[in-house]
Every structure is written in C-alpha cells, then in structure tokens.
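Examining the three-dimensional arrangement
Residues per chain, in single letters:
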Amino acid sequence: MVTIFRTRKSKILTTIAVILLIVAAILYKLADRYLIEHVEVKVTPNTSITQGTSTGTSSGSGTSSNSTPHSGTSSGTAASATTSSDAEYDDWNYKADNETISIKKMETGSGSDMITYYVADVTFNSKTNLLAAFAKDSFGTNITQNTSTIAANNNAVFAINGDYYGFRSDGVVIRNGTVYRDEPARIGLALFNDGTMKSYDEEETSTDDLLAQGVTNAFSFGPTLVTDGEIAGDFSHVEIDKNFGNRSIQNSNPRTGIGMISANHYVFVVVDGRSTGYSRGMTLTEFADLFKELGATEAYNLDGGGSSTMYFMGRVVNNPLGKGNERGVSDIIYIPQS
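Described in the following lines is the structure provided in the data block. Quick caveat, the model's predicted, so the values are computed rather than measured.

Quick notes on unusual backbone geometry
- Omega for the peptide link from Gly222 to Pro223 comes to 10°, which places this bond in the cis form.
- Its location among the elements puts Pro223 in the loop between strand 15 (215-219) and strand 16 (224-227).
- Residue Asp228 is not a glycine yet carries a positive backbone phi of 50°.
- Here Asp228 is to be found in the loop between strand 16 and strand 17 (230-231).

So, in structure tokens, the structure goes:
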C-alpha cells in the first residue's frame, strides 16, 4: 500500500512539474513576443535629410490652420511670438525659412459626446523635411520610448507617433530611405521625395519599386482614410493585426493620422479619447470625414489608442487618454528644427 501511494504521489508531482514547465514555456514565449526587447539594427539619429524640392509654397484648397476646421470650436490661444535667428514661434506656431507649422486645439459636441482633437497644418517651402525616428535609435521589436523622448532626442520641433511597427513582425518598414522590413501584409502608406504621399498595396508593389519611385518612408498600419479626395470606403469592420487581442478599431477611439492637401502641404490630426466629458474619441468614419473637410486629398490612419500623441516645441500638446500619460511607442514621424 505504501509503495502504491508513493508511486501515485510521484506521478502527481511529475505531472505538476510538467504542467509548470509548459506554463513557464508559454509565459516566456509571450514575454519574448510582446515584452522582451529585440534589437536588430542600431540607427544613427539623422536630423537633416532632405526629401525633395519644389517651387514656392503650396496653396492647397484645404482649410487653413488659421481658420476653424470642421465644426468644432478652437480653444487654443497663441502666446506672444519669440524670434530667433532661425525661426519665429510661440506655443502653437512655428515659422522658419523652409516650414510653417500652425496647430489648433478643436472641440466639438458636449457631455458624453464631447470630442477634443488637435490639427497641425504644415507647409514646406523648398524641401519636405518629414523624417522618421526609432525608439532608442534601434530597429527591432518591443523597443519603446515616449513620443516626446524620441522627439527630443532627434531635435524635433514637431512630432506624432508612427505606426508602432515593433508590435508586429509583418508589413513594409522604410525609414529615411532605408528598408528595414519587407514582409507585405496590408495597405501601407508611402511618403515620396517630391513632397507627396499615397496609399499602396504592400503585396502588389516591391520595395525596390518603391525606392525607384522616390519613396523615403513607408508605414504599415491603416486603413486608408481618403484617396484622390474621396472617402476611401466602408470602415464598419477594420482589423490591422492578427496578433493576440486584436479587435476591430472602428469604434470611438483616440486617433493619429496624416493627410496631404497638396504637394508639400500636410495636415496631422491627433484625437484624444476614452475620457468621458473631455473626449470620447472618433470612429474611423468620423476621422475620415474630418480629413476630407480639412481638404486632404490623401489621408492615412496611424497607430491610435494610448499611443496617440502630438509633440510641439518641447511639450506634449494633447492629453493622451485624458490622463496626460504617454504610452511608449516604437517610432515617430517628425520635423527637425531648422
């Protein structure tokens, strides 16, 4: 009887040990996939890439940032301007020889339907100087820093969060003219050296073709919001990833997006959300409608939620998740100081 009891106890302990090993292996695999940093390439910060040239300032047909876009009410008041040898600026505006940046804080609705968002109107005069930077100057997975930290480390005057490429292992990633990942998976966004942008099918266009066409940066998130001046389609059910916890992103959420009014004339929008009485966020349909109303002929949705951040002149302009706490991201799109 004692021998039988000992045998059973041994089997139970063995079973428990096997279960614990399996659980440990699963936990490690999840941590390795979603938490542990994997650096593939170290990148030297670059703040002086020229993306192209054009003649004169784009006059675009969209709404100027000095007027009130959409149906909201502007609540940002410009501070007194400061002049340096390179630029004139205040809390909401920046003007240098090559670029003009004007930011408006907008509010629409009330109560539980309140939406607060920020519109940055950017015009380049002679060269489009839209750059990209990685968290910790490293390309890889699970490498994150706050948008403001990456921006400050790269001498940025303006920045928004990018596509959070480090959360996934697929998609096309081109940054500042270098291909870092070539795993076609979805509709991506290409920025060209002539100051334009366009959505494209990653599975139908090779990275060699993109570079030959003058693409300087390619982002992989989406969906496309506006193309050729029209709303891109039905946003009733959109999934970007096939990762653990993936869900439709159509409902009201914080948003980050980039739009082009005309060559060298861009509009960036960051929407706060998930904060009752301050901002509920926007649906994808509302986000696309906003870009069209702003005059964008092309517009693309970037990573949102807690990632949605707009940085300007050393500070975070918006209020991430209504709590003022940034979430670490893998990359940013930025404009360096002149």
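A word on the environment of Asp272
- Inspection of the secondary structure puts Asp272 in the loop between strand 19 (265-271) and helix 4 (284-293).
- By relative accessible area, Asp272 is classed as buried at 1%.
- Once the C-alpha coordinates of Asp272 and Gly305 are considered, the two residues, 33 residues apart in sequence, prove to be 8.4 Å apart.
- Those residues within four positions of Asp272 in sequence are excluded, and the remaining contacts are Thr116, Tyr118, Pro254, Tyr278, Ser279, Arg280, Gly281, Asn318, Asn319 and Pro320.
- A distance of 2.4 Å separates polar atoms of two side chains, one belonging to Asp272 and the other to Tyr278.

Quick notes on the packing of aromatic side chains
- Tallying each qualifying case throughout the model produces 11 aromatic pairs.
- Relative to Tyr165, the ring of Phe139 lies with its centre 5.0 Å away and its plane at 10°, an arrangement referred to as stacked. Of the two residues, Phe139 is situated in strand 9 (residues 138-141) and Tyr165 in the loop between strand 10 (156-161) and strand 11 (171-175); the sequence distance between them amounts to 26 residues. By the burial criterion, Phe139 is buried, and Tyr165 matches it.
- Each member of the aromatic cluster is reached from another via a ring pair, and the members are Phe124, Phe158, Tyr266 and Phe268.
- The ring centre of Trp92 lies 5.1 Å from the NZ or CZ of Arg315, which sits over that ring.

Structural notes on the sheet that holds strand 8 (residues 131-134)
- Reading across the sheet, the five strands line up as 8-23-10-21-22 and stay open at both edges, with antiparallel pairing between neighbours. On the outer flanks of this sheet lie strand 8 and strand 22 (315-316), each paired with one strand and no other.
- Sheet topology note: the strand 21 (residues 310-312)/strand 22 ladder contains two bridges and is antiparallel. If you follow Phe312 over to strand 22, its bridge partner there is Arg315.

Observations regarding the pattern of salt bridges
- Using the criterion set out here, one finds nine salt bridges in the structure.
- Among the ionic pairs, Arg175 bridges to Asp163, the shortest N-O distance being 3.0 Å. Of this pair, Arg175 sits in strand 11 while Asp163 sits in the loop between strand 10 and strand 11, and the two are 12 residues apart along the sequence. Across this residue pair, the class does not change: Arg175 and Asp163 are buried.
- Notably, a salt bridge pairs Arg175 with Asp331, separated by 3.1 Å at the nearest N-O pair. Of the two residues, Arg175 is situated in strand 11 and Asp331 in strand 23 (residues 331-336); the sequence distance between them amounts to 156 residues. There is no split in this pair, since Arg175 and Asp331 are both buried.

Things to note about the pairing of strand 13 (residues 187-192)
- The buried fraction of strand 13 amounts to five of the six residues, a majority that puts the element mostly inside the structure.
- Note: strand 13 against strand 14 (residues 197-201), five bridges, orientation antiparallel. What sits directly across from Leu191, in strand 14, is Met197.
- Hairpin remark: strand 13 followed by strand 14, antiparallel, with four residues in the connecting loop; positive phi at Gly195, about 85°.
- Across four bridges, the pairing between strand 13 and strand 15 is antiparallel.

Digging into helix 4
- Within helix 4, burial applies to Leu284, Phe287, Ala288, Leu290 and Phe291. The arc that holds the buried residues of helix 4, viewed along the axis, is 155°, so those residues lie on one side.
- Summarising the contacts, the buried residues of helix 4 are in contact with strand 7 (115-124), strand 16, strand 17, strand 18 (255-262), strand 19 and strand 20 (298-302).
- Gly295, located one to two residues past helix 4, shows a positive phi value of around 95°.

Side note on a nonpolar patch on the surface
- Taken together, the side chains of Ile12, Leu13, Ile16 and Leu20 present a nonpolar region at the surface, about 390 Å² in accessible area.
- You can see Ile16 is positioned in helix 1 (residues 2-34).

Here's the deal with the pairing of strand 23
- Most of strand 23 is tucked away: six of the six residues are buried.
- Alternating residues of strand 23 divide into Asp331, Ile333 and Ile335 and Ile332, Tyr334 and Pro336, and every residue in both groups is buried.
- Note: strand 8 against strand 23, four bridges, orientation antiparallel. Bridge pairing in strand 23 links Ala133 to Ile332.
- When strand 10 meets strand 23, the two strands line up antiparallel, connected through five bridges. Its bridge partner lying in strand 23, Ile160 is registered against Ile333.

Conventions adopted
- Residues numbered from 1 in each chain as written.
- Predicted model: local features only at pLDDT ≥ 70, side-chain atom pairs only at ≥ 80, totals over all residues.
- Heavy atoms only, no water.
- Helix = DSSP H or I, 4+ residues; strand = E, 2+ residues; numbered from the N terminus.
- Buried < 20%, exposed > 50% of the residue type's maximum accessible area, 1.4 Å probe, protein only.
- Contact = heavy atoms within 4.5 Å.
- Polar contact = N/O pair within 3.5 Å; in protein donor to acceptor, adjacent residues only side chain to side chain.
- Phe/Tyr/Trp six-rings, centres within 6.5 Å; stacked < 30°, edge-to-face > 60°.
- Lys NZ or Arg CZ within 6 Å of the ring centre and 35° of its normal.
- Pairing = 2+ DSSP bridges.
- Salt bridge = Lys/Arg side-chain N within 4 Å of Asp/Glu carboxyl O.
- Arc of directions from axis to C-beta.
- Patch = residues over 30% accessible without salt bridge, like charges linked within 9 Å, V, L, I, M, F, W, Y side chains within 5 Å.
- Areas by Shrake-Rupley, 256 points an atom, 1.4 Å probe, with all protein chains shown as cover.

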